[in-house]
Amino acid sequence: MEVINIGMLGLGTVGSGVVRMLTDHAEKISLITGRKLVVKTVVVHDLTKKRSVDMTGINVTNDVTAILNDPEIGLVVEVMGTVDTARDYIKRALKAGKHVVTANKDLIATHGPELTSLALEQGCDLYYEASVAGGIPILRTIVNSFAADKIVEVKGIVNGTTNYIMTQMNQAGISYEQALKQAQELGFAEADPTNDVEGIDAAYKMIILTQFAFGKDITLDDVKLEGISNVKAEDIAEAKRLGYKLKLLGISKLVNKHLDVSVGPVLVPRNQPLAAVQNENNAVFVTGAAVGETMFYGPGAGELPTANSVLSDIITVAKNIVMGTTGVRFNDYSADVKLAVPSEVVYPYYISLKVLDQPGQMLKLTEIMTKAQASFNLITQTQLDEDYARVTMVTHKMSEAQLNEIKAALAQLDTIEVIAAYKVLGG
């Protein structure tokens, strides 16, 4: 049987999983592809590090040219992370005529159009299923299963770290700081969790999902972004009392034929399936004009789930090599769609306020809401201390422009402070 030699950049958690699965499932993979897939060379940063997987027969080196300059290696798998270095290596691999599989969401979100264009020019494959939602095959599903449908919305929980933190805050009633510490101790959060807790990781995934679902290349600046580091246990508890769970959601949707993309805390109704997605798991809802709402659920990270997505790309490339159909974009859909303006984006909102407990403050709030032509659905007040009250309200549907007007007017007052303003799903 003919051999396809693979070069791997990186041998961390995911890379080790790829080597393990290629070895354990070698016979099945050969039957599917008609080729024997062999990891020939792996480039690592630390040659002395003890490995968790058997590397017998594999050349382990810290010299990237051992892969890039080897004519026998036809497929490069990048699981090393980073952006600039990985971009350089992938560009060099593509220019050398090698197909590439990567799990690098940061790279694809920031340099995807450049790399996919280069792959097309070189007649090479570039696949990156594992860059979004770990073990959930969401990108390939959008490309294949929704090819004939018009997608109108993609939303979901696409970051396991923040979902774990929010789950603990919801279930145990603990603070953000306590939940983060717990996540770090269990290995679900990095020592520096900024990319996760500030929503950047989720935003990168939504950039990729938006390109696949709507054919639109966007940047991080196009995503309305808010993390969870300012979420208060009191708002978690109030949301629960009102019948909601607070979750960090990515949402990309068509509004009046325009596109709105956001990442931020959202109140999700308790009976909505996203509310039941716990801990490090991910879930993505895709809504098509024809098929309606579909849900894809599974582990968002981890050695074998993510490695499985990498393997699905490797197998696809191997099949393309056999059939002579390499050099086609992973996603070839492109559309000229403009971004929505704030006046088009409409949701109910949950607004939490710290209000000086003295006469006349509710009148001020009501006047501001009236001027913005917005109205309350419900409003509650609890005492914070002897000087301040906490006022929470859920509005009727209103535009993001109205919300911005209300927040700007409240910012002019020294007696009312906005603690939080979150979308309410399904209102």
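Residues numbered from 1 in each chain as written. Predicted model: local features only at pLDDT ≥ 70, side-chain atom pairs only at ≥ 80, totals over all residues. Heavy atoms only, no water.

Engineer: Explain the nonpolar core residue by residue, including any values.
Structural biologist: The nonpolar side chains of a soluble globular protein tend to be buried with one another. Met8, Val18, Ile138, Leu139, Ile165, Leu209 and Ile314 are the most contacted members of the largest nonpolar core, which has 106 residues in total. Here this core gets eleven residues from one element, more than from any other, and that element is helix H10 (residues 200-214). Residues Val266, Ile351, Leu365 and Ile368 belong to the second largest nonpolar core, which totals 32 residues. (Core = buried A, V, L, I, M, F, W, Y, C linked by side-chain atoms within 4.5 Å. Buried < 20%, exposed > 50% of the residue type's maximum accessible area, 1.4 Å probe, protein only. Helix = DSSP H or I, 4+ residues; strand = E, 2+ residues; numbered from the N terminus.)

Engineer: Give me the lowdown on the environment of asparagine 271, citing residues and values where you can.
Structural biologist: Tracing the sequence through the fold places asparagine 271 in the loop between strand E10 (258-269) and strand E11 (281-288). Counting along the chain gives 28 residues from asparagine 271 to glycine 243, while the straight-line C-alpha distance between them is 8.6 Å.

Engineer: Can you explain the environment of valine 291? Please cite residues and give values.
Structural biologist: Relative to the elements of secondary structure, valine 291 occurs in the loop between E11 and strand E12 (292-299). Each C-alpha atom of the pair valine 291 and valine 79 lies 35 Å from the other, and the pair is 212 residues apart in sequence.

Engineer: Hey, could you go over unusual backbone geometry for me, with residue numbers and the actual values?
Structural biologist: Both trends apply: most residues other than glycine have a negative phi, and most peptide bonds are in trans. Here the phi dihedral of threonine 82 falls at roughly 70°; this positive angle occurs in a residue that is not glycine. With respect to the helices, strands and loops of the structure, threonine 82 is situated in the loop between strand E4 (73-78) and helix H4 (84-95). Residue class for threonine 82 comes out partly exposed when judged on its relative accessible area of 45%.

Engineer: Before we move on, can you summarise the pattern of salt bridges with the specific residues and values?
Structural biologist: In total, this model carries 20 salt bridges according to the counting rule given. For aspartate 201, the salt bridge is made with lysine 105, and the minimal N-O distance between the two is 3.0 Å. Residue aspartate 201 is found in helix H10, and its partner lysine 105 is found in helix H5 (residues 105-122); the two are separated by 96 residues along the sequence. As a salt-bridge pair, glutamate 238 and arginine 241 come within 2.9 Å of each other at their nearest N and O atoms. With a gap of three residues between them, glutamate 238 and arginine 241 both fall in helix H11 (residues 233-241), about one helical turn apart. (Salt bridge = Lys/Arg side-chain N within 4 Å of Asp/Glu carboxyl O.)

Engineer: Please provide a residue-by-residue account of the pairing of strand E15 (residues 376-383), values included.
Structural biologist: Relative to strand E16 (residues 388-395), E15 runs antiparallel, the two being bridged by seven bridges. Opposite isoleucine 379, over in E16, you have methionine 393 as the bridge partner. Hairpin connection from E15 to E16: four residues lie between these consecutive antiparallel strands. (Pairing = 2+ DSSP bridges.)

Engineer: I'd like to hear about the packing of aromatic side chains, residue by residue, with values.
Structural biologist: Following the criterion strictly, the structure yields seven aromatic pairs and no others. Seen from their ring centres, tyrosine 164 and phenylalanine 188 are 4.7 Å apart, and the 45° between their planes marks the pair as tilted. One end of the pair, tyrosine 164, is in helix H7 (residues 160-172); the other, phenylalanine 188, is in the loop between helix H8 (176-185) and helix H9 (194-197), and 24 residues separate them in sequence. Of the residues examined, phenylalanine 188 reaches a relative accessible area of 30% and is grouped as partly exposed. Relative to phenylalanine 330, the ring of phenylalanine 212 lies with its centre 5.1 Å away and its plane at 80°, an arrangement referred to as edge-to-face. You can see phenylalanine 212 sitting in helix H10 and its partner phenylalanine 330 sitting in the loop between helix H12 (303-323) and strand E13 (346-347), a full 118 residues away along the chain. (Phe/Tyr/Trp six-rings, centres within 6.5 Å; stacked < 30°, edge-to-face > 60°.)

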